[in-house]
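# Structural characterization, general
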Amino acid sequence: MTKKQHVMIQLETIEKNFAENQVIPPLNLSIFEGEFLTLLGPSGCGKTTLLRMIAGLEEPSAGNIYLDGQQVTYLPPYKRDVNMIFQHYALFPHMTVEQNILFGLRMKKVSPTEREKRISQVIALTQLEAYRQRKPRQLSGGQQQRVAIARALVNNPKVLLLDEPLGALDYQLRKSLQIELKSLQRELGLTFIYVTHDQEEALTMSDRIVVMNQGKIEQTGTPHEIYHTPMSQFVAGFIGENNFIKHEDFYISLRPEKINLCEVMFQGESPPPLTDDTSRLTGTITDVVFYGTIDKVFIHLDDSGQTIMAYQYFDDKRRWQAGEKVGLWWNLKDEVRLDR
Amino acid sequence: MNKKVLAWPILVWLTLFLTVPLCFVVAVSFIQRSAYGQLIYRFTIQNYLRLIEPLYIQIFIDTLLMAILTTIITFILGYPLAYTITKMNKHLQNIWLVLVMIPFWINSLIRSYAWVIILRSQGLINTLLLSWGIIDQPLALLYNSSSVLLGMVYTQLPFMVLPIYVSLEQLDRRLLEASSDLGATPWKTFWHITLPLTLPGIAAGSILVFISALGMFVVPDIVGGAKSALIGNLIQNQFLSARNWPFGSALSIVLSVFSLILILLYYRVLKVQQTKEVKP
């Protein structure tokens, strides 16, 4: 989190209905200046709608949006000091890279000298010098992505909105652009609002994550908080992998990497009693699946009949086989109690 | 099975009913005729030389002007219409497209006579204006170049609306959103994004309208009366009343070549646009 806590965008009981459907029930959210905030959730959770309302491309059914203290709820997109990077870039096909980038400045009647200064800056920043005169369709996906970024940044927006900007790219390119985008954001100190359904992307890039489900905010927090202390079953299950163990009236969640496996010493007898900081169960391995860096071990628990999944990192003395009896233990502090 | 077999029926059809007659027309345009209209099989280029007589040059210029005006007016009326249709919901869009196309289903002769009924001295408009006391003499609405233009625009409008509608419909809405996001007012978005990206549709519509307006003879014949003489009417006259097939053929060939050049130009422009985008 940045030191300055100046609120850049304030959403106040924002609400959106499409026809009869309530897509977003009343919702409040503050976004601070200079932060990288990610809206994370499954498709159809309302994250893109929320972003489009901030951009002005969608009007909220009720509520207010403030940009840098100013009411902008019903301001059209062309009067808002925010810029968006669209999912499939939406570059203008009939214009060159240069014309695309200059478009915003031309619309705002920025003087030619100022235009030239700003375009050279962003072109250097996005390493597009060699492609100035090309048309978008002559560029690769990654280059088009850079043009989209340059076209938005050149306007010096107060907030940059990114709608799954890396969704159309292949895995390797996505990885490297994630790092580029993050360092760009840090360098410029610009407020980023990033929409994605990719939890890994959210965890690696964000200062703060807003997890959304069915239009509602499930949890807001740093990637660390979201991962380690999920507040609902949805968050616990959506981010990373998780085991849910049912108690009388609540669940506990337990990350598979926190579970240790051991030989069952007292076969046929009850396992050793629980100490203060560890927990112990026994079960039978039903399946072991190789994932490269890890083995995923699926265990059928003896007492509850539930299936639990644990990661094994090959640093153990042996690899587990399906059909084996196994003991499980973990630190109690790694348990997360979920009330919803 | 060889896929080319499927193309044979249409090839045979085109050969029998287009290529062969066209060859006849070309051939006939180079021979003479007797005073009574019989063809005399002797070579001449007299039929083509006659075309540069001022009378025919004038007719050619009139026809060109009429076709250009028709194209411009159908564009001015057609673009907003197509634009409005694309803004409607799917259901309304279909209704409007059918409305645009309905005139196609009615014989053009009948449609032209409908205009006569509307425009003539005792027609709908004059009767109404007279009975409301707005005028006391019937207006001469029919049998002049305005009525011909009206009839032309009316018959050609769908040819302009449909290609423009298609190109507007294919326009990526996200580009318009991006433009608005980048600070362009709706009017600027239209001017810088929508209009340039629908140019292919405008060009296709204009070519269709212009070329069929060039050869049109039914409409000018019926709503233009005896006074209007466009190339289409001239050709029709040469074949039917004047019985001068060689001259009629020469006129037809000139008109066809002219249209062909326009179509080639259109493809050339399209091609240049595409290669420009491919080459770095």
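Heads up: these notes are all about the structure in this document. (Residues numbered from 1 in each chain as written. Chains lettered and ligands numbered in written order. Predicted model: local features only at pLDDT ≥ 70, side-chain atom pairs only at ≥ 80, totals over all residues. Heavy atoms only, no water.)

This paragraph deals with the overall build of chain A. Scanning chain A from N- to C-terminus turns up 8 helices and 18 strands. Dimensions of chain A, computed from the C-alpha atoms along their principal axes, are close to 85 × 45 × 40 Å. The buried share of chain A, reckoned over its 340 residues, is 51%. A separation of at least 24 residues holds for 64% of the contacts in chain A among residues at least 6 apart in sequence. Put simply, chain A shows about 16,000 Å² of open surface, and 50% of that area lies on carbon and sulfur atoms. The average position of the 38 basic charges and that of the 42 acidic charges among the side chains of chain A differ by 10 Å. (Helix = DSSP H or I, 4+ residues; strand = E, 2+ residues; numbered from the N terminus. Buried < 20%, exposed > 50% of the residue type's maximum accessible area, 1.4 Å probe, protein only. Contact = heavy atoms within 4.5 Å. Areas by Shrake-Rupley, 256 points an atom, 1.4 Å probe, with all protein chains shown as cover. Lys, Arg positive; Asp, Glu negative; His and termini not counted. Charge placed at Lys NZ, Arg CZ, Asp CG, Glu CD.)

A word on helix α4 (residues 141-153) of chain A. Helix length check: α4(A), at 13 residues, gives a terminal C-alpha distance of 18 Å against a target of 18 Å (1.5 Å per residue), a fit within 8%. Counting buried residues in α4(A) gives 12 out of 13 residues, a clear majority hidden from the surface. For α4(A), the full list of buried residues reads Gly142(A), Gln143(A), Gln144(A), Gln145(A), Arg146(A), Val147(A), Ala148(A), Ile149(A), Ala150(A), Arg151(A), Ala152(A) and Leu153(A). Of the surrounding secondary structure, the elements contacted by the buried residues of α4(A) are β6 (82-85), α2 (97-107), α3 (112-125), β7 (159-163) and α5 (171-188) of chain A together with α8 (173-181) of chain B. (Expected span 1.5 Å × (residues − 1).)

This next bit is on the sheet that holds strand β5 (residues 70-71) of chain A. Residues and elements named next belong to chain A. Sheet architecture is open: 4 strands sit in the order β2-β1-β4-β5, paired in antiparallel fashion. Each edge of the sheet is formed by a strand with only one pairing partner; in this case those strands are β2 (21-32) and β5. Sheet topology note: the strand β1 (residues 7-18)/strand β4 (residues 62-67) ladder contains 5 bridges and is antiparallel. Residue pairing across strands places Glu 15 opposite Ala 62, the latter belonging to β4. Running over the sheet, helix α1 (residues 47-55) touches β1, β2 and β4 and is turned about 120 degrees from β1. (Pairing = 2+ DSSP bridges. Axes fitted to C-alpha atoms, helices over the stretch in contact; angles between N-to-C directions.)

Residue and element names in this part refer to chain A. The geometry of α4 relative to α5 is characterised by a closest axis approach of 12 Å and an angle of 15 degrees between their N-to-C directions. By the angle class used here, α4 and α5 are roughly parallel. For α4 against α5, the interelement crossing comes out right-handed. Side by side, α4 and α5 meet where Gly 142, Gln 145, Arg 146, Ile 149 and Leu 153 of the first sit next to Leu 173, Leu 177, Glu 180, Leu 181, Leu 184 and Leu 188 of the second. Here the contact of α4 with α5 is composed, by residue class, of 7 nonpolar, 2 polar and 2 charged. (Parallel < 35°, antiparallel > 145°, perpendicular 65-115°, else oblique. Left-handed = near helix turned anticlockwise from the far one by under 90°. Nonpolar A, V, L, I, M, F, W, Y, C, P; charged D, E, K, R; others polar.)

Glancing now at the nonpolar core. All names here are of chain A. Residues Ile 9, Leu 11, Leu 39, Leu 50, Leu 161 and Ile 193 are the most contacted members of the largest nonpolar core, which totals 42 residues. Counting residues per element, this core draws most heavily on α1, at 5 residues. In this structure, Leu 161 is in contact with Leu 51, Ile 54, Ala 55, Val 82, Asn 83, Met 84, Ile 85 and Ile 193, ignoring residues within four places of it in sequence. (Core = buried A, V, L, I, M, F, W, Y, C linked by side-chain atoms within 4.5 Å.)

Here we come to the packing of aromatic side chains. Aromatic rings in a pair are described by how distant their centres are and how their planes are angled relative to each other. Taken as a whole and judged by the stated rule, the model has 19 aromatic pairs over all chains. With centroids separated by 5.4 Å and ring planes inclined at 10 degrees, the aromatic side chains of Phe234(A) and Phe238(A) adopt a geometry described as stacked. Taken as a pair, Phe234(A) and Phe238(A) lie in helix α8 (residues 233-238) at a separation of 4 residues, close to a single helical turn. Taken together through their ring pairs, the aromatic side chains of Phe75(B), Tyr79(B), Tyr83(B), Trp187(B), Phe190(B) and Trp191(B) make up a single cluster. Looking at Arg151(A), its charged tip hangs above the ring of Phe92(A), at a distance of 4.7 Å from the centre. The ring of Tyr291(A) is capped by Lys296(A), whose NZ or CZ atom sits 3.9 Å from the centre of that ring. (Phe/Tyr/Trp six-rings, centres within 6.5 Å; stacked < 30°, edge-to-face > 60°. Lys NZ or Arg CZ within 6 Å of the ring centre and 35° of its normal.)

Residue and element names in this part refer to chain A. Over its 18 residues, α5 extends 26 Å from the first C-alpha to the last, a length consistent with the 26 Å expected when each residue adds 1.5 Å. The inward-facing, buried residues of α5 abut β3 (36-40), α3, α4, β7, β8 (191-196) and α6 (199-205). Of the residues trailing α5, Gly 189 is marked for its positive phi of about 65 degrees.

Of the residues lining the interface, 28 residues belong to chain A; the matching set on chain B comes to 22 residues. Of the roughly 2,200 Å² buried between chain A and chain B, counting both surfaces, carbon and sulfur atoms make up 61%. The tally of links from chain A across to chain B stands at 1 salt bridge. Of all the secondary-structure elements, those providing two or more residues to the side of chain A that touches chain B are α1, β6 and α2 of chain A. By residue class, the composition of the side of chain A that touches chain B is 14 nonpolar, 6 polar and 8 charged. (Buried area = accessible area lost by both parts, 1.4 Å probe. Salt bridge = Lys/Arg side-chain N within 4 Å of Asp/Glu carboxyl O.)

What follows is about the sheet that holds β6(A). Residues and elements named next belong to chain A. If you trace the 6 strands from one edge of the open sheet to the other, you get β6-β7-β8-β3-β9-β10, paired in mixed fashion. A single partner strand is all that each edge strand has here, and the edge strands are β6 and β10 (216-221). Adjacent strand axes in the sheet meet at a mean angle of 20 degrees, parallel and antiparallel pairs treated alike.

With that out of the way, let us pick up the pairing of β7(A). Residues in a regular strand point their side chains to alternate faces of the sheet. Residue and element names in this part refer to chain A. In terms of burial, β7 is a largely internal element, 5 of the 5 residues being buried. Neither face of β7 is exposed, since Val 159, Leu 161 and Asp 163 on one face and Leu 160 and Leu 162 on the opposite face are all buried. Bridge count for β6 against β7 is 4 bridges, and the pairing is parallel. Of the residues in β7, the one forming a bridge with Asn 83 is Leu 160.

Further remarks concern the side chain of Arg111(B). Among the secondary structure elements, Arg111(B) is positioned in helix α5 (residues 108-119). We note that Arg111(B) is buried and unpaired, the nearest opposite charge coming from Asp221(B) at a distance of 15 Å.

This part is about unusual backbone geometry. All names here are of chain A. Unusually for a residue other than glycine, Thr 13 sits at a positive phi of about 35 degrees. Along the polypeptide, Thr 13 turns up in strand β1. The exposure class of Thr 13 is partly exposed, given its relative accessible area of 40%. Positive phi, close to 50 degrees, is recorded for Asn 156, a residue that is not glycine. For Asn 156, the position within the fold is in the loop between α4 and β7.

We now examine the pattern of salt bridges. What the rule picks out here adds up to 21 salt bridges over all chains. Ionic pairing is found between Glu177(B) and Arg52(A), a salt bridge with its closest N-O pair at 2.7 Å. Here the residue Glu177(B) occupies a position in helix α8, and Arg52(A) occupies one in helix α1, the pair thus bridging two chains. Looking at Arg52(A), the relative accessible area reads 16%, which means it is buried. When the shortest N-O distance is used, the salt bridge between Asp68(A) and Lys158(A) registers 3.4 Å. Highlighted residues: Asp68(A) in the loop between β4 and β5 and Lys158(A) in the loop between α4 and β7, separated in sequence by 90 residues.

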